[in-house]
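# Close look at the chain arrangement
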Amino acid sequence: MTWTVTFYNQRVEDELLALPNAFVARFLRYAERMEAFGPDLGMPHTRAMGAGLFELRIKAASGIARVFYCTVVERRIVVLHQFVKKTKKTPPRELQIARRRMKDVTHD
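These notes cover the structure that comes with them. (Residues numbered from 1 in each chain as written. Predicted model: local features only at pLDDT ≥ 70, side-chain atom pairs only at ≥ 80, totals over all residues. Heavy atoms only, no water.)

## A word on the pairing of strand 2 (residues 46–50)
- Pairing geometry for strand 2 and strand 3 (residues 53–60), over 4 bridges, is antiparallel. Its bridge partner lying in strand 3, Thr46 is registered against Leu56.
- If you look at the hairpin formed by strand 2 and strand 3, you'll find 2 residues sitting between the two strands, and Ala51 has a positive phi there, around 60°. (Pairing = 2+ DSSP bridges. Helix = DSSP H or I, 4+ residues; strand = E, 2+ residues; numbered from the N terminus.)

Below, the structure is given as structure tokens:
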């Protein structure tokens with residue numbers, strides 16, 4: 001049974017597709033894998049961030065990007081937030097945005 005990758009809203013999709021081409025290409029490749037094999041591709045591609053939140057780890061020559069997503073009923077993967085990483089640690093603000101959006105889609 002396959003999964004479906006969707007976006008939190010149109011703005012999230014537009015922002016992700018506005019990233020440099022290398023990031024978008026890798027995201028699309030990983031999204032195809034997640035649709036076939038599920039949301040947890042394992043390290044170094046994905047990492048569980050706790051409480052149902054996952055992080056897609058994208059590396060390219062132009063840098064590092066992170067895409068936060070969660071799963072909801074009916075085998076849907078919802079892309080919540082993305083950003084280009086500039087420091088070693090994930091900025092708390094980026095994580096807060098993803099967690100707030102996850103509450104919206106999971107209705108917790």
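## Describing the environment of Gly63
- By secondary structure assignment, the location of Gly63 is in strand 4 (residues 63–72).
- By relative accessible area, Gly63 is classed as partly exposed at 23%.
- When residues no more than four places from it in sequence are discounted, the contact partners of Gly63 are Phe23 and Ile58. (Buried < 20%, exposed > 50% of the residue type's maximum accessible area, 1.4 Å probe, protein only. Contact = heavy atoms within 4.5 Å.)

## Thoughts on the pattern of salt bridges
- With the rule as written, the count across this model stands at 4 salt bridges.
- Among the ionic pairs, Arg66 bridges to Glu55, the shortest N-O distance being 3.5 Å. In this pair, Arg66 is assigned in strand 4 and Glu55 in strand 3, connecting sequence segments 11 residues apart. Note on accessibility: Arg66 and Glu55 belong to one class, buried.
- Connected via shared salt-bridge partners are Glu55, Arg57 and Arg66. (Salt bridge = Lys/Arg side-chain N within 4 Å of Asp/Glu carboxyl O.)

## Points about the nonpolar core
- The biggest cluster of nonpolar side chains holds 20 residues, and the ones touching the most others in it are Phe27, Leu56, Ile58, Val67 and Val79.
- A total of 6 residues in this core trace back to one element, the largest contributor, which is helix 2 (residues 21–37).
- With residues near it in sequence (within four places) discarded, Ile58 still touches Phe23, Arg26, Phe27, Tyr30, Gly63, Ile64, Ala65, Arg66 and Val67.
- Counting 11 residues, the second-largest nonpolar core is a separate cluster that includes Leu53, Val72, Val78 and Ala98. (Core = buried A, V, L, I, M, F, W, Y, C linked by side-chain atoms within 4.5 Å.)

## Quick notes on the sheet that holds strand 5 (residues 76–85)
- If you trace the 5 strands from one edge of the open sheet to the other, you get 1-5-4-3-2, paired in mixed fashion. What marks the edges here is a single partner per strand, and that holds for strand 1 (4–7) and strand 2. Between one strand axis and the next, the sheet turns by 35° as a mean value, whatever way the strands run.
- On top of the sheet, helix 2 reaches strand 1, strand 3, strand 4 and strand 5; it is set at about 135° to strand 3, its chief contact. (Axes fitted to C-alpha atoms, helices over the stretch in contact; angles between N-to-C directions.)

## With respect to the packing of aromatic side chains
- Considering all chains together, one arrives at 3 aromatic pairs under this definition.
- A ring pair is formed by Phe54 and Tyr69, whose centres lie 5.4 Å apart and whose planes are at 10°; its orientation type is stacked. Of this pair, Phe54 sits in strand 3 while Tyr69 is found in strand 4, placing the two residues 15 residues apart along the sequence. Accessibility classification places Phe54 together with Tyr69 in one group, the buried group.
- Here Phe68 and Phe83 contribute two aromatic rings whose centre-to-centre distance is 5.9 Å and whose plane-to-plane angle is 25°, an arrangement assigned as stacked. Here Phe68 is found in strand 4, whereas its partner Phe83 is found in strand 5, with 15 residues between them in sequence. (Phe/Tyr/Trp six-rings, centres within 6.5 Å; stacked < 30°, edge-to-face > 60°.)

By themselves, these figures tell us nothing about what the structure is for.
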